[in-house]
Amino acid sequence: ADVTLTRRSRRWHAAWLYPRMQASVNDKRTLYIGGLEESVTEDTLRAAFVPFGEIIDINMPLDSSSQKHRGFGFVQFDERGDAADAIDNMNGAELFGRVLRVNIAKPDAAAKGSHRPVWEAQADAFFDDKPLGDASVVQEEEQGQ
């Protein structure tokens, strides 16, 4: 049987054979789109970015209290070159009266396994370097006050 692989089936086949090659946030195909106006939807983003190439996924994180998007989203393209073209053409462009910021998406701290606030990130190292005082000295100081 003659089998012709489409772009999508080749990607699935490669992902099945080589699991490490699956798309990730830092593979230069996923873009961060910032500065979105409140009424922008996934369909609006798709319409704005589809001229640059095939879009695999669009994600617009929602605010938990208002259930509206948080003013940014992510667009994942099938090809790196398409993502680069979108950055070149859409970064600084205007959509619904707002200027867009379009960059390669970067993994956030949560994706790296950190759920601690930034100001706590170095706290353990800071306190580990400080010598602990003798407990009896601390108790004497407390009694003296």
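This structure is a prediction, so every number in the text was calculated from the model and none was measured.

Novice: Please clarify how the sheet that holds strand E3 (residues 72-77) should be interpreted in this entry.
Specialist: An order of E2-E3-E1-E6 is seen for the four strands of this open sheet, with the pairing classed as antiparallel. Looking at strand neighbours, the two that pair on one side only are strand E2 (55-59) and strand E6 (101-104), the edges of this open sheet. Taken over all neighbouring pairs, the strand axes of this sheet differ in orientation by 20° on average, direction set aside. Here strand E1 (residues 30-34) runs beside E6; their pairing, made up of four bridges, is antiparallel. The residue of E6 that forms the bridge with Leu 31 is Ile 104. Along the sheet face, helix H2 (residues 42-49) touches E1, E2, E3 and E6 and points at about 140° away from the line of E2.

Novice: Before we go on, may I ask you to explain the pattern of salt bridges in this structure?
Specialist: Oppositely charged side chains can pair when the atoms bearing their charge come close. Applying the stated criterion across every chain yields a total of one salt bridge. The closest approach of N and O atoms between Lys 68 and Glu 38, which form a salt bridge, is 3.2 Å. Of this pair, Lys 68 sits in the loop between E2 and E3 while Glu 38 sits in the loop between E1 and H2; the two residues are 30 residues apart in sequence, bridging distant segments of the chain. Overall, the relative accessible area of 41% leaves Lys 68 in the partly exposed class.

Rules behind the numbers
- Residues numbered from 1 in each chain as written.
- Predicted model: local features only at pLDDT ≥ 70, side-chain atom pairs only at ≥ 80, totals over all residues.
- Heavy atoms only, no water.
- Pairing = 2+ DSSP bridges.
- Helix = DSSP H or I, 4+ residues; strand = E, 2+ residues; numbered from the N terminus.
- Axes fitted to C-alpha atoms, helices over the stretch in contact; angles between N-to-C directions.
- Contact = heavy atoms within 4.5 Å.
- Salt bridge = Lys/Arg side-chain N within 4 Å of Asp/Glu carboxyl O.
- Buried < 20%, exposed > 50% of the residue type's maximum accessible area, 1.4 Å probe, protein only.

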